[in-house]
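Examining the three-dimensional arrangement
Single-letter residue listing:
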Amino acid sequence: MKIHEYQAKELFRQAGVPVPRGVLAVTPDEAAAAYAELGGELAVVKAQIHAGGRGKGGGVKLVRSADEAREAAAAMIGAPLITPQTGPEGQVVKRVLVEAGTDIAHEYYAGITVDRACGRPTLMVSTEGGMDIEKVAAETPEKILTEALDPEIGLRSYQARRLAYSLGLPGGSIRAAAGVMQAMGRLFLATDASLMEINPLVLDNAGEIIALDAKMNFDDNALFRHPEIVELRDRDEEDAREAEAEEAGLNYIALDGSIGCMVNGAGLAMGTMDTIQLAGGKPANFLDVGGGATAEQVTAAFKIILSDPHVEAILVNIFGGIMKCDVIAEGILAAAKEVDISVPLVVRLEGTNVERGRDLLEGSGIDIITASDLADAAAKAVEAAGAEA
Ligand code: GDP
Ligand code: MN
């Protein structure tokens, strides 16, 4: 689960990570009032959407008067903001954060994510902060310094000091920077976060260390023990299909290809997506209907897949183990009665009761392309999608 910058900054503030003073505004007039309330010369109006890269898309504006704040907010609120992370449709801005401006001496990067290689959350810092940390990671990875967190203890003070020194900070700012890093570690562990990013972490002209941006994602599987985090959820920022799937008890992740996938089992779903790619196509989604899917769930799954306008064909790949093939076939037939399956449907069934499942599908009169194995199914789905597009 993701949260907004202003929400992450509130968590930062409580955890002892310095952030600029800020006021949330939902109208241009509120933004103008917020500018006056902050009382400084320079302020920043920042669009609040879950995607990053807002600076590049015009979602971060420096302003020097209440009128400028109002204008900047008026341009952002209600309009879609397109950034390198939103996709071409962008994300509609509903509120802006108006913050006291910071005099930047240098922009650093600080982030924590789970390093799967060492199996621990790892703090990463770099002198190359600002907007393009992905480029730094790809081209000059030696400029990113890391320390792994002990999950019981967090970031130890010697680790924090080592990172702060290696950033080449002025002597008077090292203690503060190390403190920020340890606070980040504590907050990350305490909230079961999966990602935390401060880009940029700023040294200002007074030698203060300030988190100018804030991003936090949380482990969905741990949300049950963080009701205070769940309250921060903004459903408008989430993919509507993903939310619907969650309600139906399905594991669905939207992707940008043209072949809708319905598979039982996460591993088989991954294998199916790989095989589609191998056959020259692109999956429109990841979907694991689980081991014990009901006819209702299969119907819900078809509805979700078909509501994606990019889908040109559907590939159903079911291995009947716990789940029997005839039950799945019945689910497909029930779904076909309820929803109009408007694109070619390729079905590959294998496993328990496969003969009965195939007989049911063949005798149903529904237009189904049957496949003998996964490679065959993927090839047929790619061909059908190509013919449709
Ligand atoms: P992002 O583009 O979504 O990552 O948004 P950020 O919050 O990181 O802002 C983008 C850039 O705007 C930062 O890297 C800064 O260079 C600039 N910026 C943001 N706030 C301030 C500020 O208070 N003062 C100045 N001078 N620049 C700022
Ligand atoms: Mn940023």
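Our subject is the structure listed above.
The present account deals with the structure reproduced in this document. (Residues numbered from 1 in each chain as written. Chains lettered and ligands numbered in written order. Predicted model: local features only at pLDDT ≥ 70, side-chain atom pairs only at ≥ 80, totals over all residues. Heavy atoms only, no water.)

**Focus: the overall build of the protein chain**
- A count of helical and extended segments in the protein chain gives 13 helices and 18 strands.
- If you line up the protein chain on its principal axes, its C-alpha atoms span 80 × 45 × 40 Å.
- With the model as given, the accessible surface of the protein chain reaches about 18,100 Å², and the carbon-plus-sulfur share is 51%.
- The protein chain carries 34 positive and 59 negative side-chain charges, and their two centres are separated by 6 Å. (Helix = DSSP H or I, 4+ residues; strand = E, 2+ residues; numbered from the N terminus. Areas by Shrake-Rupley, 256 points an atom, 1.4 Å probe, with all protein chains shown as cover. Lys, Arg positive; Asp, Glu negative; His and termini not counted. Charge placed at Lys NZ, Arg CZ, Asp CG, Glu CD.)

**With respect to the site of ligand 1**
- Lining the immediate surroundings of ligand 1 are 17 residues, of which Lys46, Arg54, Gly55, Thr102 and Glu107 lie closest.
- The backbone of glycine 53 places a nitrogen or oxygen atom 3.3 Å from an oxygen atom of ligand 1.
- Separating an oxygen atom of ligand 1 from a backbone N or O atom of asparagine 199 is a distance of 3.0 Å.
- Taking 560 Å² as the accessible area of ligand 1 by itself, protein coverage stands at 86%.
- Counting only elements with at least two residues in the shell around ligand 1, the list comes to β2 (43–47), β3 (60–63), β7 (104–115) and β10 (193–204).
- Residue composition of the shell around ligand 1, grouped by class: seven nonpolar, six polar and four charged. (Near = heavy atom within 4 Å. Polar contact = N/O pair within 3.5 Å; in protein donor to acceptor, adjacent residues only side chain to side chain. Nonpolar A, V, L, I, M, F, W, Y, C, P; charged D, E, K, R; others polar.)

**Overview of empty space enclosed by the protein**
- One pass over the full model with this rule turns up one cavity of 30 Å³ or more.
- Approximately 40 Å³ is the volume found for the largest cavity.
- Lining the largest cavity are Val347, Leu349, Arg358, Leu361, Thr370 and Ala371.
- Mapped onto the lining of the largest cavity, the elements with two or more residues apiece are β17 (345–351) and α12 (354–362).
- Across the lining of the largest cavity, the residue classes break down as four nonpolar, one polar and one charged. (1 Å grid on protein atoms, 1.4 Å probe; cavity = no way out; pocket = protein on both sides within 12 Å on 5 of 7 lines; lining within 4 Å. Points joined across faces, edges and corners; volume = space filled by probe spheres on them.)

**Quick notes on the coordination of the manganese ion (ligand 2)**
- For the manganese ion (ligand 2), the protein coordination sphere consists of Asn199 (O) and Asp213 (OD), at 2.1 to 2.2 Å. Here aspartate 213 lies in the loop between β11 (209–211) and β12 (215–218) and asparagine 199 lies in strand β10, a separation of 14 residues in the sequence. (Donors = N, O, S within 2.8 Å, 3.2 Å for Na, K, Ca; no water.)

**Section: the pattern of salt bridges**
- Using the criterion set out here, one finds 23 salt bridges in the structure.
- With its nearest N and O atoms 3.1 Å apart, the salt bridge here joins aspartate 213 to arginine 54. Of this pair, aspartate 213 sits in the loop between β11 and β12 while arginine 54 sits in the loop between β2 and β3; the two residues are 159 residues apart in sequence, bridging distant segments of the chain.
- Its relative accessible area of 7% is what places arginine 54 among the buried residues.
- Taking the shortest distance from any N to any O, the salt bridge between arginine 235 and glutamate 238 comes out at 3.2 Å.
- Look at arginine 235 and you get partly exposed, because its relative accessible area is 39%.
- Residues participating in the shared-partner salt-bridge network are Glu5, Lys9, Lys46, Arg54, Glu99 and Asp213. (Salt bridge = Lys/Arg side-chain N within 4 Å of Asp/Glu carboxyl O. Buried < 20%, exposed > 50% of the residue type's maximum accessible area, 1.4 Å probe, protein only.)

**Considering unusual backbone geometry**
- Omega for the peptide link from asparagine 199 to proline 200 comes to 15°, which places this bond in the cis form.
- Note on placement: proline 200 falls in strand β10.
- We note that aspartate 192 has phi near 55°; this positive angle belongs to a residue other than glycine.
- Mapping aspartate 192 onto the fold places it in the loop between α6 (171–190) and β10.
- Positive phi, close to 60°, is recorded for asparagine 353, a residue that is not glycine.

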